[in-house]
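Residue strings, one per chain:
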Amino acid sequence: MSLPASPRSVAAARAFSRRLLAEWGLDALTDDAALLLSELVTNAIVHVPEGTGDVELSLSRTPGHLVARVTDRGGALPRCSLAAKDSENGRGMWLVEQIADRWGHHTSPAGKTVWFALPLPDGPRAPGGPSAVPAPAGPADV
């Protein structure tokens, strides 16, 4: 799904994921997926130079996981860091780190893709932690 680099796109990404997960019978993942997509799409909009193009969103399934990818034309890679207690920003990637089974990013000449994986209901969780989940691609997987 292609979304304009606009704040309205965050709600559109949530709505798209809710509809698609309902079609796939994955209602149990709806809230977590919508929250994490909101964070990634917001980051893409905030940290990408204005007028450089749309944000691309994709959702797919592997045998045990839902994988979400957000691609933009920016070069700034996300970081998981602690925000100050009084800060209004800076907690998005921390949420992704806490909720996703695994997440990562990779760059390309045209920008970057940030992704996360959530275990499918009744599917296998990664034994021993996130490193056992197959990564979508990229050298900077977390």
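In this text, all values refer to a predicted model and were calculated from it rather than measured experimentally.

*Asks:* Sorry, what's going on with the overall build of the protein here?
*Replies:* Of regular secondary structure, the protein possesses 3 helices and 5 strands. Counting from the amino terminus, helix and strand elements in the protein follow one another as β-α-α-β-β-α-β-β. By sequence separation, contacts in the protein at least 24 residues apart represent 63% of the contacts at least 6 residues apart. Entry remark: accessible area of the protein is about 7,700 Å², with carbon and sulfur atoms responsible for 53%.

*Asks:* What exactly am I supposed to notice about helix 2 (residues 30-47) here?
*Replies:* Residues lying three or four places apart along an α-helix face the same way, a consequence of the helix completing one turn every 3.6 residues. Its 18 residues give helix 2 an end-to-end C-alpha distance of 25 Å, which sits within 8% of 26 Å, the value for a rise of 1.5 Å per residue. Those residues of helix 2 that fall on the buried side of the exposure criterion are Thr 30, Ala 33, Ala 34, Leu 36, Leu 37, Ser 38, Glu 39, Leu 40, Val 41, Ala 44 and Ile 45. Packed against the buried residues of helix 2 are helix 1 (8-23), strand 2 (55-61), strand 3 (65-72), helix 3 (92-99) and strand 5 (111-119).

*Asks:* Explain the pairing of strand 4 (residues 102-108) to me, please; I cannot follow it from the model alone.
*Replies:* Of all 7 residues in strand 4, 5 are buried; the element is thus mostly enclosed. Pairing between strand 4 and strand 5: 7 bridges, direction antiparallel. Each bridged residue has a counterpart across the sheet, and for His 106 the counterpart in strand 5 is Thr 113. If you look at the hairpin formed by strand 4 and strand 5, you'll find 2 residues sitting between the two strands.

*Asks:* In this structure, what is going on with the nonpolar core? I would like to understand it.
*Replies:* Taken as a class, soluble globular proteins show a tendency for nonpolar side chains to be buried jointly. Ranked by size, the top nonpolar core spans 28 residues in total, and within it Leu 66, Val 70, Val 96 and Phe 116 carry the most contacts. If one sorts the elements of this core by residue count, helix 2 sits on top with 7 residues. Residues within four places of Phe 116 in sequence aside, it is in contact with Ala 33, Leu 36, Leu 37, Leu 40, Leu 66, Val 67, Ala 68, Val 96, Ala 100, Arg 102 and Trp 103.

*Asks:* Teacher, can you tell me more about the side chain of Asp 101 here?
*Replies:* Mapped onto the elements, Asp 101 comes out in the loop between helix 3 and strand 4. At 2.9 Å, the side chain of Asp 101 forms a polar contact with the side chain of His 65.

*Asks:* For this particular structure, what's the right way to read the confidence of the model for the protein?
*Replies:* Close reading of the predicted structure is inappropriate where its pLDDT is low. Counting all residues, the mean pLDDT for the protein is 80, and 74% of those residues have values of 70 or more. Confidence drops under pLDDT 50 across residues 126-135; counting only partners more than four residues distant or on other chains, this segment forms 14 contacts. Within the model, pLDDT remains below 50 along residues 137-142, and this stretch shows 17 contacts once partners closer than five positions in the same chain are excluded.

*Asks:* Where do I start with the packing of aromatic side chains in this structure?
*Replies:* Working definition: an aromatic ring pair is given by the centre-to-centre distance plus the angle between the planes. Inspection of every chain in the model, using the stated rule, returns 0 aromatic pairs. Sitting above the plane of the Trp 24 ring, Arg 61 keeps its charged end 4.3 Å from the centroid.

Each value, and the rule that gives it
- Each chain carries its own residue numbering, running from 1 in the written order of its sequence.
- Only residues with pLDDT of at least 70 are given local features in this predicted model, and only at 80 or more are side-chain atom pairs given and counted; all residues enter the totals for whole chains, interfaces and linings.
- Remark: hydrogens and water are excluded; side-chain values derive from all non-hydrogen atoms of the structure.
- Runs of E in the DSSP output that reach at least two residues are strands. Runs of H or I that reach at least four are helices, and both are numbered from the N terminus.
- Residues count as neighbours in contact if any of their non-hydrogen atoms are within 4.5 Å of one another.
- What sets the accessible areas is the Shrake-Rupley method with a 1.4 Å probe; for residues, cover comes only from the shown protein chains.
- Expected span of a helix, by definition, is 1.5 Å for each gap between consecutive residues, and there is one gap fewer than residues.
- For each residue, the accessible area found with a 1.4 Å probe, counting protein chains only, is set against the maximum for its type, and the residue is called buried under 20%, exposed over 50%, and partly exposed in between.
- In this description, strands pair whenever DSSP reports at least two bridges between them.
- We call a set of buried Ala, Val, Leu, Ile, Met, Phe, Trp, Tyr and Cys residues a nonpolar core when their side-chain atoms join them within 4.5 Å.
- We call two N or O atoms a polar contact when they sit within 3.5 Å, provided that within protein one can donate a hydrogen and the other can accept it, with sequence-adjacent residues counted only if both atoms are side-chain atoms.
- Scored from 0 to 100, pLDDT records how confident the predictor is in each individual residue.
- Note on aromatic contacts: the rings of Phe and Tyr and the six-membered ring of Trp form a pair at centre separations within 6.5 Å, being stacked when their planes are under 30 degrees apart, edge-to-face when over 60 apart, and tilted otherwise.
- Only Lys NZ and Arg CZ are tested; either one counts as a charge over a ring when it is within 6 Å of the ring centre and within 35 degrees of the ring normal.

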